[in-house]
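Close look at the chain arrangement
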Amino acid sequence: MPELSEAEAANRLMRLAKEIARHDRLYHDRDEPEISDAQYDVLVRENRELEEHFPNLARADSPSKRLGAAPTSALAKVAHARPMLSLENAFSDEEIRDFVGRVRRFLSLPADEPVALTAEPKIDGLSCSLRYENGELVLAATRGDGGVGEDVTANVRTIGDIPQSLLRSPRAKSRGVGAEERVSTLLDTNGSEVPRILEIRGEVYMSKADFAALNERQEAAGGKIFANPRNAAAGSLRQKDASVTAARPLRFLAHGWGEMSEPLAATQFDAMQRIAGFGLPVADLLRRFETIDDLLGHYAAIEHARADLPFDIDGVVYKVDRLDWQERLGQVARAPRWGLAHKFPAEKAETTLEAIDIQVGRTGKLTPVGRLKPVGVGGVMVANVTLHNRDEIVRLGLRIGDRVRIQRAGDVIPQVVENLTRDEARADYLFPDHCPDCGSEAIAEEGEVDVRCTGGLVCPAQRIERLKHFVSRGALDIEGLGEKTIVEFVELGWLHSPADIFRLKQHRAELLGREGWKEKSVDNLLAAIEAKREPNPARFLFGLGIRHVGTVTAKDLLRCFGTVQALRKAATGESGQAELAGVEGVGPVVAEALVDFFHGEHNREALDDLLFEVRPQPFQSQAKQTEWTGKTIVFTGTLETMSRDEAKAQAERLGARAAGSVSVKTDLVVAGPGAGSKLKNAEELGVRIVSEQEWALIVAEA
Ligand code: IVH
């Protein structure tokens, strides 16, 4: 780093700030991190070290001083009575000795005075503050940015580990405390008084086994698959609808406290015992030590036990035991001086890359998967590793036969971090330019890293997703043809392309013989299909699943061309691309996608076949007159029951316009979880804000 000039450092800091902010958003708002905590820590460290080296480049809002991201979801915000802090990280024994040395110096302790420290696992979950008043749970909040979190009280009430009432809880009862004792004094299981105000802080998490089972259920139901237990826990807790949280197996482990009307004890260790006495779960592995060697011994023991623990941990947390010392030590911007997280190193191993297979995702994305000579990494055998995309293979210079170093950081899926035989002569790996599943051309659009199959309607890897889209609510809206049924019919070989849907009646007799199908359900399904023989042309065009063509664009195109056939003619004509790009609301990106789609041989065949079965109606542009006619609506955040395009289509059906940004002209904002600056703008401008559920009512009543 000292080699950097100040200008270079300023540049690097700017990039780091952007990068860290992006990862903050992915982690805190979307619960979908792209990098491991260890990789994130590396970025924050680099940022801090640069700022230390070039103090005049340090900014007040530096990412190394920030603590998480301010909440942006649709959940109500709550200010914490006392800030929820984070912890400094350390990775080596030496850093632990430095930490204890700093504590000693700060407190001016004599050399022979022991510094007792507690040590406990660092759970990989999300921190949560539980406020009890007179023994009753009154508020639960996520950490948010440390100062303001999200109100998750209703959600937390569904977590079995968390007592609603400290003294009536089954745990407390089983230890001999009866409800009658609440009446006069608030006594815990040891017979000592419970403070009137008691904020318990700890980690909401999901066990490894529950996480695996949840993902299986999600997959079966076509729901979101979570990357790891932490994301699953965060996604499950930060729900607007507490019944979703209730269906998720969340757990809680206390590790500290916030506001307290009176002290719990004189030491961290004893205070935690009292919290356990209130009926809250506390880590079994919490211990207190007087020497650094013993502390590090416990670290080693926890690391050893790691693979067998029921939950993911990413390190060990040390805290100065004496609370009067904690008080004196205080905190620096982000973290207390009395605590430290001793993180586990990323686990690494070396092996050989034996093959690179290409998987075609449901949206046509080609993902290279490295097949490895199986190798153990931190107790887990690893044989496959994602190589992400074509650029990543180039970056690492990977070829089949190379020795590679792989890494498993925390709970994150294994990654190749280094090619150890880059310099050896070997044949280059050529990324395929055709889809391995359907043989269609595979291309990366300009400026995009992902290579995609252009096979669209016919690529088997994309088939189910495409068919789902074709019958979805914004497209043909065929009732009774859900994912499960589509999968069943695809597996039976009855469905290849959308046209086959209209030939399903040929299988009526066979279908009647299948489990779960009765005469009524079969006839209802076939009738629902027949009802869509003359579909609305915009829904039909949208249903083809052409990239970038949502409902609004579909209408813009039809307004100009009148029919899908005419559009196709234009797209395959000589000056097709320019003609399309000139259409109001259509730009070069959409034009190119249309040209690609209509030129694809498989798509042409599938479309001909489909047009043989159905006859889209002529396009009519007028929308119905409602109180929303002429109004402007903005959708923001995650919509849970429909796609963004469907939402826009609904707005248009009411005669309203769906806009992309909030201004004084906005009449309504529909905000889902994760809504950010648009929601804030709307609040500031006093624009009416509704949830997705309220929007559904508006649509139903209009
Ligand atoms: S103490 C003021 N103890 O790790 C100290 N935190 O990286 C606050 N965490 O925000 C935290 N296990 O969400 C503490 N045994 C433990 C922990 C723990 C997990 C989380 C917590 C904290 C983050 C800091």
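Use the structure listed above.
An account of the accompanying structure is given in this report. Here the structure is a predicted model, which means the values were calculated and not measured.

The rules we used
Residues numbered from 1 in each chain as written. Predicted model: local features only at pLDDT ≥ 70, side-chain atom pairs only at ≥ 80, totals over all residues. Heavy atoms only, no water. Axes fitted to C-alpha atoms, helices over the stretch in contact; angles between N-to-C directions. Helix = DSSP H or I, 4+ residues; strand = E, 2+ residues; numbered from the N terminus. Parallel < 35°, antiparallel > 145°, perpendicular 65-115°, else oblique. Contact = heavy atoms within 4.5 Å. Nonpolar A, V, L, I, M, F, W, Y, C, P; charged D, E, K, R; others polar. Left-handed = near helix turned anticlockwise from the far one by under 90°. Near = heavy atom within 4 Å. Polar contact = N/O pair within 3.5 Å; in protein donor to acceptor, adjacent residues only side chain to side chain. Areas by Shrake-Rupley, 256 points an atom, 1.4 Å probe, with all protein chains shown as cover.

Packing of helix 19 (residues 551-561) against helix 20 (residues 564-572) leaves a shortest axis separation of 9 Å and a crossing angle of 90 degrees. One element, helix 19, and the other, helix 20, form an angle in the roughly perpendicular class. Of helix 20, the residues touching helix 19 (which contributes Leu557, Leu558 and Phe561) are Val564, Ala566, Leu567 and Ala570. Across the contact of helix 19 with helix 20, the residue classes break down as seven nonpolar, no polar and no charged.

The next point concerns the packing of helix 13 (residues 460-471) against helix 14 (residues 483-491). With their axes 10 Å apart at the nearest point, helix 13 and helix 14 run at an angle of 130 degrees to one another. It follows from the interaxial angle that helix 13 and helix 14 lie oblique. Crossing hand, helix 13 versus helix 14: right-handed. Mapping the contact onto sequence places Arg463, Ile464, Leu467, Lys468 and Val471 in helix 13 and Glu483, Ile486, Val487 and Val490 in helix 14.

The backbone of histidine 388 shows a phi angle near 70 degrees, a positive value even though the residue is not glycine. Within the secondary structure, histidine 388 is located in the loop between strand 16 (380-386) and helix 12 (390-396). The phi torsion at histidine 548 lies on the positive side, around 70 degrees, for a residue other than glycine. Relative to the helices and strands, histidine 548 resides in the loop between helix 18 (537-543) and helix 19.

Below, the discussion takes up the site of the ligand. Around the ligand, the surrounding shell holds 15 residues, and the nearest of these are Lys122, Ile123, Ser127, Arg143 and Glu203. Backbone polar atom of isoleucine 123 to a nitrogen atom of the ligand: 3.0 Å apart, as the coordinates give it. The side chain of glutamate 203 places a nitrogen or oxygen atom 2.9 Å from an oxygen atom of the ligand. Summarising the interface, the protein chains cover 88% of the accessible area of the ligand, which totals 520 Å² for the free molecule. Where the shell around the ligand is concerned, the elements lending two or more residues are strand 3 (117-123) and strand 10 (313-320).

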